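A look at the structure
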Amino acid sequence: MDFQAFHRRSIEEPEAFWAEQAKLIDWQKPFEQVRDYSRPPLVDWFVGGQTNLCHNAVDRHLKTQADAKALIWVSTEVDKEVVYSFRELHAEVQRMAAMLLELGVGKGDRVLIYMPMIAEACFAMLACARIGAIHSVVFGGFASHSLASRIDNATPKVIVSADAGSRSGKSVPYKGLLDEAIQLATHKPAKVLMVNRGLAPYTPVAGRDEDYAALRAKHMDTQVPCTWVEATHPSYTLYTSGTTGTPKGVQRDTGGYAVALAASMKHIFLGKPGETYFSTSDIGWVVGHSYIIYGPLIAGMATIMYEGLPTRPDGGIWWSLVEKYKVTSMFSAPTAVRVLKKQDPAYLKKYDLSSLRALFLAGEPLDEPTAKWIADALGRPIIDNYWQTETGWPILTICNGIEPAPSKFGSPGKAVYGYDVKLVNESTGEEMKGADEKGVVMIEGPLPPGCMQTVWQDDARFVKTYWTQANGRWLYSTFDWGIRDQDGYYFILGRTDDVINVAGHRLGTREIEESISSHPNVAEVAVVGVADNLKGQVAMAFAIPKDASGLDDPAARLKLEGEIMKVVDGQLGAVARPSRVLFVTALPKTRSGKLLRRALQAVAEGRDPGDLTTIEDPSALQQVKALVAAK
Ligand code: AMP
């Protein structure tokens, strides 16, 4: 099919277009209206329809392929592999749903999931969807302060967690962090459902903590039918960082999300029932939601959930799984490929990868050397795709399921069907229609199905954060810079805000600054993202100590740097730890006191800071320059 025509139809006749895509999922009650855009920029998709995400991901496949593989859980951390068929997954999800019901969870209640990459996390997500509860998965790498702020925002009735995760064969306890987070939070969950893996001993809190294995034993045969919910019923919230310190709860609907994922599996990820999908992400991120759990299962595929490193026991582990489970589509991030690039290339030749149709990469810019290396090594198409937690599925990519098209190095591809992408001049707000002009990547409202509905319990924040209105049109900002060439291929040039991207993980520099500032010897701090060969970017902190005496001594500086890193580890988690904390006596600011972030970042990267006419104290940048040069 002609992709241009397909895309045009999705924009010009969205109702007919999406009504067709909606046939890809099961509806308990058909929708009456494809979309309601009467309260722009908010939009409701498939109004009046009733469905259920868990039914579409699990139950509906029982008729045709009950015994086909559904969930393949592989842990190289605890050396276990368990395969669940759709029938077995259905049984486990019902057990988990019965437990949640017993613990008092009902439709619309929130359940926070703070778990490592274990099968029970998948059961918990699907069980919530089954009973109409709203899950909120918090990445296991986040520590107590991050977790506490999410507990307070989501106000969950129940938290599902585990004793520990594992990294490189060493247990990483979760329970202590969770207890600390609950203590810090104002909201207290009624119950905590604990999966005990026997990795880290803990003492249950009497009256609050419930043991998963004991409760499961009570519900071996309990049947829990799906609760049919409105298409617009929230299925989950997922917190993401922006410019301000408090993370936003990205809220997703049910019907629109199911349709968008089903369509993307067909048109972008080329997935068919009975095949195997392997996404190397984590359930704590949006890729994990859309393309470990819901997307592949909705498409009737088996999905691999992998706990472990890409290099353990050796750099061939992922490729051995591709061979063993005949993976047809694989999804990873450029950082993971850069890690693998450092391994012996023989690993890629050791396994039969002939089942693999394509490797999809997303989450951060895909640099040309990385793309070329993996394309040559695999001999398979590498499909870059650009999107965000907010959108839930790709905005830019090559839709090979519609019309095969070549990729261009450095470009994620063209605007995907459903997305009316515009490049907008930041200062004038005008659309830039010419080729190769740099602008802010924006999407003309309404957003297509599957994208965020709103910020959890804060429509005003959603509108204020993301939307601008001009000449009666609403434009959603991705907060990314981009250009488009004459063939309609986009190139992403980095964020317009203070968000940084470390190894594909999105972090707000303000959150890290707030955490560092809580160290008693930090008067002021600025955190910027600095280009890094392996991780794309790393966070670098420039701090002004309150008491600088003794800091001439490198050992004392190192000690303070270590202490500050520990504070960030403890509050936000190691994922947010800056790569360096360097000490200065002043930060580069304008005369009115505004931090010159872009200049600071440029100098930290060894680049020219550009126009500095507004700087208050030029020596501030000189210090940074000297520190970075000495590094
Ligand atoms: P997240 O919400 O964590 O998925 O992060 C989304 C952000 O990651 C985007 O706004 C981009 O800045 C960046 N990003 C995601 N995918 C790509 C890609 N394929 N190329 C370049 N940047 C990307």
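Residues numbered from 1 in each chain as written. Predicted model: local features only at pLDDT ≥ 70, side-chain atom pairs only at ≥ 80, totals over all residues. Heavy atoms only, no water.

As a further point, take the overall build of the protein chain. Within the protein chain, the secondary structure is distributed over 20 helices and 33 strands. Scaling as 2.2 N^0.38, a compact globule of 631 residues should have a C-alpha radius of gyration of about 25 Å, and the protein chain matches this with 24 Å. For the C-alpha atoms alone, the extent of the protein chain along its principal axes is close to 70 × 60 × 55 Å. In the protein chain, buried positions account for 60% of the 631 residues. Contacts spanning at least 24 positions in sequence make up 69% of the contacts within the protein chain whose residues lie at least 6 apart. Accessible area of the protein chain: about 24200 Å², with a carbon and sulfur share of 51%. Side-chain charges in the protein chain split into 68 positive and 73 negative, and the spacing between the mean points of these groups amounts to 2 Å. (Helix = DSSP H or I, 4+ residues; strand = E, 2+ residues; numbered from the N terminus. Rg over C-alpha atoms; globule rule 2.2 N^0.38 Å. Buried < 20%, exposed > 50% of the residue type's maximum accessible area, 1.4 Å probe, protein only. Contact = heavy atoms within 4.5 Å. Areas by Shrake-Rupley, 256 points an atom, 1.4 Å probe, with all protein chains shown as cover. Lys, Arg positive; Asp, Glu negative; His and termini not counted. Charge placed at Lys NZ, Arg CZ, Asp CG, Glu CD.)

So, on to the pairing of strand S4 (residues 69-75). Successive residues of a regular strand alternate their side chains across the two faces of the sheet. Burial runs high along S4: 6 of the 7 residues are buried. From the end of S4 to the start of strand S5 (residues 80-85), which pair antiparallel, there are 4 residues, and Asp79 there has a positive phi angle of about 50°. With 5 bridges joining them, S4 and strand S17 (residues 302-307) adopt parallel strand pairing. Note that in S17 the partner of Leu71 across the bridge is Thr303. (Pairing = 2+ DSSP bridges.)

Not every one of the 14 residues close to the ligand is listed here, only the nearest: Asp384, Thr389, Asp480, Arg495 and Arg506. When the free accessible area of the ligand is taken as 500 Å², the share hidden by the protein chains comes to 93%. Looking at side-chain class alone, the shell around the ligand contains 4 nonpolar, 5 polar and 5 charged residues. (Near = heavy atom within 4 Å. Nonpolar A, V, L, I, M, F, W, Y, C, P; charged D, E, K, R; others polar.)

Within the element layout of this structure, Thr276 appears in strand S16 (residues 276-279). Within the local environment of Thr276, its side chain forms a polar contact with the backbone oxygen of Tyr325, the two atoms lying 3.0 Å apart. For Thr276, the residues in contact, after removing those within four places along its chain, are Ile72, Met301, Ala302, Ile304, Tyr325, Lys326, Val327, Thr328 and Ser329. (Polar contact = N/O pair within 3.5 Å; in protein donor to acceptor, adjacent residues only side chain to side chain.)

Ordered in space as S5-S4-S17-S16-S18-S19-S20, the 7 strands form an open sheet in which the pairing is mixed. The sheet terminates laterally at S5 and strand S20 (382-385), the two strands that pair on one side only. Going from strand to strand, the sheet's axes swing by 20° on average, the running direction of each strand aside. The pairing of strand S18 (residues 327-332) with strand S19 (residues 358-362) spans 4 bridges and is parallel. Each residue of the ladder has a partner; that of Ser329, found in S19, is Ala358. (Axes fitted to C-alpha atoms, helices over the stretch in contact; angles between N-to-C directions.)

The next subject is the layout of surface pockets. Roughly 590 Å³ of internal volume is contained in the second largest pocket. Among the residues making up the lining of the second largest pocket, the classes are represented as 8 nonpolar, 10 polar and 9 charged. (1 Å grid on protein atoms, 1.4 Å probe; cavity = no way out; pocket = protein on both sides within 12 Å on 5 of 7 lines; lining within 4 Å. Points joined across faces, edges and corners; volume = space filled by probe spheres on them.)

Taken together, the 3 strands give an open sheet; going across it, the order is S31-S32-S33, and neighbouring strands pair in mixed fashion. The sheet is open, and its two edges are formed by strand S31 (522-532) and strand S33 (580-583), each paired on a single side. Taking each pair of neighbouring strands and ignoring which way they run, the sheet shows an average axis angle of 25°. When S31 meets strand S32 (residues 536-545), the two strands line up antiparallel, connected through 10 bridges. What sits directly across from Ala531, in S32, is Gln537. With respect to the sheet, helix H17 (residues 509-517) is in contact with S31 and S32, its orientation differing from that of S31 by roughly 140°. The strands touched by helix H18 (residues 554-571) within the sheet are S31 and S33, with S33 carrying the most contacts at an inclination of about 130°.

What follows covers the nonpolar core. Formed by 118 residues in total, the largest nonpolar core has its most connected members in Leu89, Leu100, Leu126, Tyr291, Tyr294 and Tyr417. The dominant element in this core, judged by the number of residues it contributes, is helix H6 (residues 119-131), at 11 residues. Apart from residues lying up to four places away in sequence, Leu89 is in contact with Val58, Ala70, Leu71, Tyr84, Cys122, Phe123, Leu126 and Leu297. Among the nonpolar cores identified, the runner-up in size contains 30 residues, and Ile72, Leu348, Tyr351 and Ala371 belong to it. (Core = buried A, V, L, I, M, F, W, Y, C linked by side-chain atoms within 4.5 Å.)

Right, let's get into unusual backbone geometry. The peptide bond linking Pro40 to Pro41 adopts the cis configuration, its omega dihedral lying at 5°. Structurally, the position occupied by Pro41 is in the loop between strand S1 (33-39) and strand S2 (42-47). In the segment running from Arg312 into Pro313, the intervening peptide bond is cis, with an omega of 5°. Relative to the assigned elements, Pro313 resides in the loop between S17 and helix H12 (317-325). In the Ramachandran plot, Asp79 falls in the positive-phi region, its phi being about 50° despite a non-glycine side chain.

With that settled, consider the confidence of the model for the protein chain. In this model, the protein chain carries a mean pLDDT of 95, and residues with pLDDT of at least 70 account for 100%. Summarising per-element confidence for the protein chain, the mean pLDDT is lowest in helix H14 (residues 346-350) (88) and highest in H6 (99). (pLDDT = per-residue confidence, 0-100.)

Attention shifts here to H6. Across its 13 residues, H6 extends 19 Å between first and last C-alpha, which sits within 8% of the 18 Å expected from 1.5 Å per residue. Burial within H6 is extensive, with 13 of its 13 residues counted as buried. Backbone geometry just after H6 places Gly132 at a positive phi near 80°. (Expected span 1.5 Å × (residues − 1).)

Turning our attention to the packing of aromatic side chains. Across all of its chains, the model carries 37 aromatic pairs by this definition. A centroid spacing of 6.1 Å and a plane angle of 50° characterise the contact between Trp18 and Tyr417, whose relative ring orientation is tilted. Of the two residues, Trp18 is situated in helix H2 (residues 14-21) and Tyr417 in the loop between strand S22 (414-415) and strand S23 (421-424); the sequence distance between them amounts to 399 residues. Of the two residues, Trp18 and Tyr417, both sit in the buried class. Within the aromatic cluster, the residues linked to one another by ring pairs are Phe6, Phe17, Trp18, Trp27, Phe31, Trp45, Phe46, Trp393, Tyr417 and Tyr419. The ring of Phe142 is capped by Arg150, whose NZ or CZ atom sits 4.6 Å from the centre of that ring. Over the ring of Phe409 we find Lys372, and its NZ or CZ is 4.7 Å from the ring centre. (Phe/Tyr/Trp six-rings, centres within 6.5 Å; stacked < 30°, edge-to-face > 60°. Lys NZ or Arg CZ within 6 Å of the ring centre and 35° of its normal.)

What follows concerns empty space enclosed by the protein. Counted under the stated rule, the structure contains 7 cavities of 30 Å³ or more. What the largest cavity holds in volume is close to 70 Å³. Val43, Asp44, Trp45, Thr232, Asp253, Leu447, Pro448, Pro449, Gly450, Cys451, Met452 and Gln453 are the residues that line the largest cavity.

As paired strands, S1 and S2 are joined by 4 bridges and run antiparallel to one another. In the sheet register, Arg39 faces S2, and the bridge partner there is Leu42. Counting the residues between successive antiparallel strands, the hairpin from S1 to S2 contains 2 residues.

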